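These are the residues of each chain, in order.
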Amino acid sequence: LGQQDRHLEQAVAAIDAVRRGPVRVHCLTNSVAQNFTANVLLACGAIPSMTVSPGEAPDFTDAADALLLNLGTLDADRRAAMPASLDRALAQGKQVVLDPVLCQLSSIRLDFAKQLLASGRLILKSNRAEADAIGKTETCCQMITGPVDRIEAPGLVCGVENGHPLMDKVVAMGCALGALIAALAARTNDPASAALGGLAWFGVAGEIAGAKAEGPGSFAVAFLDSLAEVQTGTIADRTRIVP
Amino acid sequence: LGQQDRHLEQAVAAIDAVRRGPVRVHCLTNSVAQNFTANVLLACGAIPSMTVSPGEAPDFTDAADALLLNLGTLDADRRAAMPASLDRALAQGKQVVLDPVLCQLSSIRLDFAKQLLASGRLILKSNRAEADAIGKTETCCQMITGPVDRIEAPGLVCGVENGHPLMDKVVAMGCALGALIAALAARTNDPASAALGGLAWFGVAGEIAGAKAEGPGSFAVAFLDSLAEVQTGTIADRTRIVP
Amino acid sequence: LGQQDRHLEQAVAAIDAVRRGPVRVHCLTNSVAQNFTANVLLACGAIPSMTVSPGEAPDFTDAADALLLNLGTLDADRRAAMPASLDRALAQGKQVVLDPVLCQLSSIRLDFAKQLLASGRLILKSNRAEADAIGKTETCCQMITGPVDRIEAPGLVCGVENGHPLMDKVVAMGCALGALIAALAARTNDPASAALGGLAWFGVAGEIAGAKAEGPGSFAVAFLDSLAEVQTGTIADRTRIVP
């Protein structure tokens, strides 16, 4: 088996594992994305918790299997809660996904993203503009989303071509993907396979939903249905990995 | 008529009353649940208000017929707004529902729940883990949700067996139930009947929606439709009360 | 052509312009409305940003083409972020929509609305109770929503009769309309035409969605689909302007 095939096997195993048992993900995410992110995790078999209060977030991180740090709507509570929760997660060997949403538009947010990345080896999920703003950094896996989503990690450098144009018309789609990758990362010891699994699950569910939808509203509904209903074998068969 | 039949009659009368006229519920609830909770209240004929700002929440409580205190995402604003709003509601003889979401995971939240419960006689809606963390307490009605939902109040101790498994796959379903029970409690002088009415309305609407849904996304949509469309007589006929 | 016809032509041109290219709207809006508002903007072809953090909002306003100030859930962050962002937008000649949600229930909110209105000429979108609480004020366009929506601006005083009763059963429908009007105002130099375009687009999409919906849940879904799919010519044909 080639490198990509081995990673796809591990990704599929992680998807099955998330569906089998309750993986808890604590999500320090923006207020726009909280509801949809929680519904995506539930559709996938995972359990979300979402409090951003600095006094509570570290305790909720203790009770979780993985942590999401999403920098949209970065208010004082979130800025205080994230470093403390991140330290807790790293000390406990838990996987952490960082999504530095629109960090190219705010120097506060960009500096904060760099500070978090300096704390340990995270899974960094961003688009090209965010990645360019951050520049070179140490991660255990870097994803760059776009027309073709990219994964760059030790042992896996590839693109994934799944998805549907209506995914760009539902807010928080990318934010929710970060949470799902955190769930998958809690069930495989390979961050790159978690990234691949998240892109594949989302992309194939998006294609199935897109075939039924009449617009962005019905697409979002069908997407949640597809996340829950799509067979793991279908995900594996339809994933299109490119160089 | 037995005790349960009398309460079901009062529950059905409260459902009709909520549908007839505008009941205002001020919801101090978590940021994940705000949107869905408001849509549930609107589907049921009630009017939500949702501000959690400490300077505003007491005034909005004055304008409301009942108050919901939900402890998810318990930040500084919510911690300040809740006691002041609760005092206002109790002084005005308004019904208050407390939902101590996940209080077993955070000592701050658990202590705060106990403090609120010590202020007066509330309707306490929790699951078993939350109830166990809180321990013995004085309420005017205690609900314990689970595979069979339980009501324990002076004059009514019973279970309600309605619902559908997809209700666990939509975030904020239980949070929204708390808001609906507050609306019902504003229209009956019996908290236990309000609790029964909320469980029955939600449970029967969930069963109707579950029969149409293809997954959690379409379930949530059909659930809101069913809340609005289900005949009160259908709710009464299909409610399954157990000992 | 009469006054109303000329404004409808400009409104339709603005709708086409929003659909053609990315108009960015920074939305300082309430936490209940954020998600739906963002999805409405995306369905219409615009790009939302939503952070309310005072340290970030002015920078996001710089990157946007128009600004929405919605006073629901008016917390300390929003109170600090709004004047600073408003000053930035006005200095850059950008259009600003103010929606003083429920300001009649809170003196803090009412005073704040008046303070914002004193800063410059805004598009004021309110219902009758909110307008009465605010009293006489200088605006570049005042909209008063209700059974028949009203527009009062230099050069255009009229009502618009489109819409569907289920629009009142979906939370944040009016809040999202404010954001869409901001997007339209960025693409026409006439605020009254932006107001007319928003009411027409929403109203006609609501009528189309209402013909398909089985209740408030499926209505909200069909509404987002209709916003994206309705032909601009259909909007123009079906808009009912009254004196």
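Just above sits the structure.
Scoring rules and cut-offs
Residues numbered from 1 in each chain as written. Chains lettered and ligands numbered in written order. Predicted model: local features only at pLDDT ≥ 70, side-chain atom pairs only at ≥ 80, totals over all residues. Heavy atoms only, no water. Contact = heavy atoms within 4.5 Å. Buried area = accessible area lost by both parts, 1.4 Å probe. Salt bridge = Lys/Arg side-chain N within 4 Å of Asp/Glu carboxyl O. Polar contact = N/O pair within 3.5 Å; in protein donor to acceptor, adjacent residues only side chain to side chain. Helix = DSSP H or I, 4+ residues; strand = E, 2+ residues; numbered from the N terminus. Nonpolar A, V, L, I, M, F, W, Y, C, P; charged D, E, K, R; others polar. Buried < 20%, exposed > 50% of the residue type's maximum accessible area, 1.4 Å probe, protein only. Pairing = 2+ DSSP bridges. Least-squares fit on C-alpha atoms with pLDDT ≥ 70 in both.

Observations concerning the interface of chain A and chain B
Link 1 in the chain: Listed by partner, the interface residues are 23 residues for chain A and 22 residues for chain B.
Link 2 in the chain: Surface buried jointly by chain A and chain B totals about 1,800 Å² across both partners, of which 57% is contributed by carbon and sulfur atoms.
Link 3 in the chain: If you sort the residues of chain A by the area they bury against chain B, A:Leu42, A:Glu56 and A:Phe60 come out on top, with a joint share of 26%.
Link 4 in the chain: Applying the counting criterion to the chain A and chain B interface returns two salt bridges.
Link 5 in the chain: At the surface where chain A touches chain B, the tally comes to 10 residue pairs in polar contact (both at pLDDT 80 or more).
Link 6 in the chain: Those elements that place two or more of their residues in the side of chain A that touches chain B are helix 2 (34-43), helix 3 (57-62) and helix 9 (216-229) of chain A.
Link 7 in the chain: Classifying every residue of the side of chain A that touches chain B gives nine nonpolar, seven polar and seven charged.

Some points on the pairing of strand 7 (residues 149-153) of chain B
Taken residue by residue, a regular strand's side chains alternate between the two faces of the sheet.
All names here are of chain B.
Link 1 in the chain: Here strand 7 shows one buried face, formed by Asp 149, Ile 151 and Ala 153, and one open face, formed by Arg 150 and Glu 152.
Link 2 in the chain: Of the strand pairs in this sheet, strand 6 (residues 141-145) and strand 7 are connected by three bridges, and their pairing is antiparallel. Residue Gln 142 lies in a different strand from strand 7, and its bridge partner there is Glu 152.
Link 3 in the chain: The turn linking strand 6 back onto strand 7 is made up of three residues.
Link 4 in the chain: Inspection of the sheet shows strand 7 paired to strand 8 (residues 156-160) by five bridges, in the antiparallel sense. If you follow Asp 149 over to strand 8, its bridge partner there is Val 160.
Link 5 in the chain: The turn joining strand 7 and strand 8, which pair antiparallel and follow one another in sequence, is formed by two residues; a positive phi near 95 degrees is taken by Gly 155.

A short note on unusual backbone geometry
Link 1 in the chain: Residue A:Ala172 is not a glycine yet carries a positive backbone phi of 75 degrees.
Link 2 in the chain: By secondary structure assignment, the location of A:Ala172 is in the loop between strand 8 (156-160) and helix 7 (173-185).
Link 3 in the chain: Unlike most non-glycine residues, C:Thr73 shows phi in positive territory, near 45 degrees.
Link 4 in the chain: Secondary-structure assignment places C:Thr73 in the loop between strand 3 (66-70) and helix 4 (76-91).

Some remarks on the relation of the copies chain A and chain B
Link 1 in the chain: It takes a turn of 120 degrees to lay chain A on chain B, together with a shift of 0.0 Å along the axis; the resulting RMSD is 0.0 Å. Both copies of the chain, as the preceding transformation shows, are related through a three-fold rotation axis. Among all residues of chain A, the one whose C-alpha sits closest to the rotation axis is A:Ser31, at a distance of 4.0 Å.
Link 2 in the chain: The two copies present different faces, since only 4% of the interface residues in chain A are matched by interface residues at the equivalent positions in chain B.

It is worth stressing that arrangement in space is one thing and function is another; only the former is reported here.
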